[in-house]
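Structural features, examined
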Amino acid sequence: MPPCANCWKLSVLLGLTGLAACGAGIWLPPLDGSFSGKLSPLGADAGIQLDWTLEASSSQPGERALRFSFVGAGTAVEGRATLTLPEASGSWRLDRADLELGPWWSALGQRRFPALKPITASGRIELSGAGTFATEPEGIYAGEFRAKLSGAAFKGANNAWSLSGVEANVVLPNLPDLSTAPRQRIAFSSGAAGELPLGAGFAEFELLRGQILRVHAFELEALGGTIRCKGFDVDLAKPDVTATVQVEGLELAALRPYIPQAVADAQGRLDGHVALRWSSASGFSLGDGDLSLRKDAPASIRLASSPGFLSSRVPSRLKLLAGVVDEPNPAKRALEEIELGQEALVVDSVQAELRPDRAGAGATAVVKIVAHPTDATSVKVVRLNVNVSGPLADVLRFGMSGRTSLSR
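Reference entry: report on the structure contained in this document. (Residues numbered from 1 in each chain as written. Predicted model: local features only at pLDDT ≥ 70, side-chain atom pairs only at ≥ 80, totals over all residues. Heavy atoms only, no water.)

In this section: the overall build of the protein chain. A count of helices and strands for the protein chain gives 5 helices and 25 strands. A total of 408 residues make up the protein chain; the buried ones form 45% of that total. Taking all contacts inside the protein chain whose residues are at least 6 apart in sequence as the whole, residues at least 24 apart take part in 49%. As displayed, the protein chain has an accessible area near 20100 Å², and 54% of this comes from carbon and sulfur atoms. (Helix = DSSP H or I, 4+ residues; strand = E, 2+ residues; numbered from the N terminus. Buried < 20%, exposed > 50% of the residue type's maximum accessible area, 1.4 Å probe, protein only. Contact = heavy atoms within 4.5 Å. Areas by Shrake-Rupley, 256 points an atom, 1.4 Å probe, with all protein chains shown as cover.)

Take the pattern of salt bridges next. Counted under the stated rule, the structure contains 15 salt bridges. Of the charged contacts, one joins Asp95 and Arg80 as a salt bridge, the two residues approaching to 3.0 Å between their closest N and O atoms. Here the residue Asp95 occupies a position in strand β5 (residues 89-100), and Arg80 occupies one in strand β4 (residues 75-84), the gap between them amounting to 15 residues. The exposure class assigned to Arg80 is partly exposed, which follows from its relative accessible area of 41%. Its salt-bridge partner being Asp233, residue Arg214 comes within 3.0 Å of it at the nearest N-O pair. Of the two residues, Arg214 sits in strand β12 (residues 212-222) while Asp233 sits in strand β14 (residues 232-235), which places them 19 residues apart along the sequence. Classification of Arg214 as partly exposed rests on a relative accessible area of 32%. Judged by its relative accessible area of 39%, Asp233 is partly exposed. The network of salt bridges with shared partners includes Arg67, Arg80 and Asp95. (Salt bridge = Lys/Arg side-chain N within 4 Å of Asp/Glu carboxyl O.)

Along any regular strand the residues' side chains alternate between the sheet's two faces. Looking at chain direction, strand β8 (residues 161-175) and strand β9 (residues 184-188) are connected through 3 bridges and run antiparallel. If you follow Glu167 over to β9, its bridge partner there is Ala187. Taken together, the 5 bridges between β9 and strand β11 (residues 196-208) define a ladder with antiparallel strand orientation. Across the sheet, the residue bridging to Gln184 is Phe205, located in β11. (Pairing = 2+ DSSP bridges.)

What follows concerns unusual backbone geometry. Omega for the peptide link from Leu175 to Pro176 comes to 10°, which places this bond in the cis form. Mapped onto the elements of the fold, Pro176 is located in the loop between β8 and β9. Phi at Ala73 is positive, roughly 50°, even though this residue is not glycine. Mapped onto the fold, Ala73 is located in the loop between β3 (63-72) and β4. With relative accessibility at 27%, the residue Ala73 sits in the partly exposed group. With phi around 55°, Asn158 is a residue other than glycine that occupies positive phi space. You can see Asn158 is positioned in the loop between β7 (140-155) and β8.

A few words on the packing of aromatic side chains. One pair of aromatic rings is described through two measures. These are the centre distance and the angle between the planes. For the structure shown, the criterion picks out 2 aromatic pairs. Arg185 extends its terminal NZ or CZ atom over the ring of Phe202, reaching a point 4.0 Å from the ring centre. (Phe/Tyr/Trp six-rings, centres within 6.5 Å; stacked < 30°, edge-to-face > 60°. Lys NZ or Arg CZ within 6 Å of the ring centre and 35° of its normal.)

Let us look at helix α4 (residues 330-339). For α4, the full list of buried residues reads Ala331, Lys332, Ala334, Leu335, Ile338 and Glu339. Down the axis of α4, the buried side of the element spans an arc of 165°, and every buried residue falls inside it. Just downstream of α4 lies Gly341, where phi reads positive at about 80°. (Arc of directions from axis to C-beta.)

With that settled, consider the nonpolar core. In this structure, Leu94, Leu101, Leu149, Phe154, Leu270, Ile301 and Val347 are the most contacted members of the largest nonpolar core, which totals 90 residues. If one sorts the elements of this core by residue count, β8 sits on top with 6 residues. Setting aside residues up to four positions removed in sequence, Leu149 forms contacts with Leu101, Arg124, Ile125, Phe154, Val166, Glu167 and Ala168. (Core = buried A, V, L, I, M, F, W, Y, C linked by side-chain atoms within 4.5 Å.)

What follows is about the environment of Ala222. One can find Ala222 in strand β12. We classify Ala222 as buried; its relative accessible area is 4%. Once the C-alpha coordinates of Ala222 and Gly199 are considered, the two residues, 23 residues apart in sequence, prove to be 5.6 Å apart. When sequence neighbours within four positions are dropped, the list of residues in contact with Ala222 reads Pro197, Leu198, Ile227 and Leu250.

Here Ser91 shows up in strand β5. Taking the C-alpha atoms as reference, Ser91 lies 8.7 Å from Ala134; in sequence the two are 43 residues apart. Every residue in contact with Ser91, bar those within four places of it in the chain, is listed here: Arg80, Ala81, Thr82, Gly131, Thr132 and Phe133.

Structure representation (structure tokens):
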């Protein structure tokens, strides 16, 4: 096995392969005592250097008891091993292992996963594990490894996204295979995607061959509702993700920063689905989607004061029967109350179609609102149709196009 591959596996086991080599006589002479040195498990330029100490004693003929420690770079590891000679095989166990996530995350990004470089991480990891080893051939080891992540936070480049309060328990049951046990769980307490705040969430996942992240389920709270996603795979060497998410109960009130300025207030909930993308280069973005008003939740909108927005579309007076009947149009006053924000509209339906992939080829968002005033005597139905073209930022902050139809 090439030396660089051995170095990376040493990082996972914190030098246990090197420990096995010690027992074979490469570092450790055949006598009892204490030995120490320095170890760069990911290479000298990765920024991780550990001071190691090894204590050896002869417990019985043909067997040596070892105690080891690794200290440095936010790392404190203590463990023990039993070595049988001349086979140079034995067993190992971690008694204590605490790591600061930041330095190791940075080093792994530099040496193993370049896509991790733009992401900053902090938190603590507690490790435990036990297994067997043999120095021939080429430092074979086996066992189970467990990692507990606590108080962690992650942030993407240019604050494109962030997660905080991250907790996880991960089990690698069959070392040296770096695959995890199925359906591991990671949870977070809050986060953000750009300017959009995120609530609590979790993911169930497994790591395959140390390279493919398979997400079985994902769920988070956002915009007063819940966002769920089914399974997808991510290649950690080039982490680009496209998945369809289901949204349930998104609050129109929470969407207030993203809806037209012509709307002063909105109440109700939306259900539907939307495509979600993430890449290390561009962060989060949205694809095609469809949202509709939840029928079991009351909904209403109140327009910001905009004189003439609706009333300019109807005559002030009704002239019927060749001018025999000439009287004020009752719908005029009703529409003036609506456009001035004095009268709320009860929303019957909202349908939003997001088509950001079609920028430059027509509308990238189409929003259709059907509503009626609380007093529907004069105006029974108000229909607002919104067509928006442009990039995603403009789609989210769409403005009223002014295309309005009224029914009496």
